[in-house]
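Tertiary structure, described
Here's the letter readout for the chains.
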Amino acid sequence: MALSLAVSPCPNDTFVFHALIHGLVPGAPPVDLTFADVDVTNTAAERGEFDLVKVSYAALPWLLDDYELLHCGGALGRGCGPLVLTREGRSDLNGATVAVPGDRTTAYLLFRLWAEGQRPARIEVVPFHQIMPGVADGTYDAGLVIHEARFTYPRYGLTALVDLGEWWESDTGLPIPLGAILAKKGTVDPAAATGWVRESLRYGWLNPAASQEFILANAQEMEPAVVKQHIELYVNEFTLELGRDGLAAADALLGRAAAAGLTPAVPSFV
């Protein structure tokens, strides 16, 4: 039986899962791949649609009854947080229309924790690729962006009002937990899945040229230099093993969110 896998087409995911997807991990099952933005996979996982799926840490409170968190393959790190972008001259979000990439993304959860006390007029969920152009042309007053936008937003003449990763790290001392890999309970053995994902990642590190064509073909028009920066930032030691700091980061994020009444409470991961 093929393993149904849903990840984003972003370079960090295509790098990590290239070997697994292409049958290069000994003992792993064949893979039936679906590419989707994380806002789509968050919702699909709530319906139990995939055996192995990349989701936002912010979505875990709605998913952990049916899925097990793997301690590898995801996106955590330092210096890699979402940004709130505006045009020059804006110092807060009071009265603003803010474009966000999804209402159960980690980025939006961090935004809500950071923006407590500010009063945006409206929040709009917008496809990621439309956010920066929309802020630049005045459709939105501000935009919440992730991933490669860290490297490209100056091209749109935009200013970072806040780096939510810096805010989070200075407040907690912990890495920022962005994307998690989940295995469906009763369908996938989490220990086996952890082994497949780790071997896929190790293959990628040992054979970086092998995945380049696959990564670039799915990188949504990113140029090679940006793709390289993206992978170097988001594929790191936490991708191989969450470890105590990674699990503590997940606890801190979801504990604060539950205390603020933004998500249901979940058991501690540590």
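An account of the accompanying structure is given in this report. Keep in mind it's a predicted model, so treat the numbers as computed, not measured.

The subject of this paragraph is empty space enclosed by the protein. In this structure the tally under the stated criterion is one cavity of 30 Å³ or more. Here the largest cavity defines a volume of roughly 30 Å³. Lining the largest cavity we find Asn 12, Asp 13, Val 16, Gly 73, Gly 74, Ala 75, Tyr 234, Val 235 and Thr 239. No other element matches the three residues that helix H1 (residues 11-21) contributes to the lining of the largest cavity. Residues belonging to the lining of the largest cavity are distributed by class as follows: four nonpolar, four polar and one charged.

This paragraph deals with the pattern of salt bridges. It is possible for side chains bearing opposite charge to pair when their charged atoms get close. Inspection of the entire model under this criterion finds twelve salt bridges. Between Asp 163 and Arg 150 there is a salt bridge whose closest N-O contact spans 3.1 Å. In this pair, Asp 163 sits in strand E10 (residues 159-163) while Arg 150 sits in helix H5 (residues 149-152), placing the two residues 13 residues apart along the sequence. Between Arg 198 and Glu 241 there is a salt bridge, and its shortest N-O distance comes to 2.4 Å. Taken together, the residues span a long stretch of sequence, with Arg 198 in helix H7 (residues 190-206) and Glu 241 in the loop between helix H10 (237-240) and helix H11 (243-259) at a distance of 43 residues. Looking at Glu 241, the relative accessible area reads 34%, which means it is partly exposed.

Cut-off values and rules
Residues numbered from 1 in each chain as written. Predicted model: local features only at pLDDT ≥ 70, side-chain atom pairs only at ≥ 80, totals over all residues. Heavy atoms only, no water. 1 Å grid on protein atoms, 1.4 Å probe; cavity = no way out; pocket = protein on both sides within 12 Å on 5 of 7 lines; lining within 4 Å. Points joined across faces, edges and corners; volume = space filled by probe spheres on them. Helix = DSSP H or I, 4+ residues; strand = E, 2+ residues; numbered from the N terminus. Nonpolar A, V, L, I, M, F, W, Y, C, P; charged D, E, K, R; others polar. Salt bridge = Lys/Arg side-chain N within 4 Å of Asp/Glu carboxyl O. Buried < 20%, exposed > 50% of the residue type's maximum accessible area, 1.4 Å probe, protein only.

That's the geometry; what it means functionally is another story.
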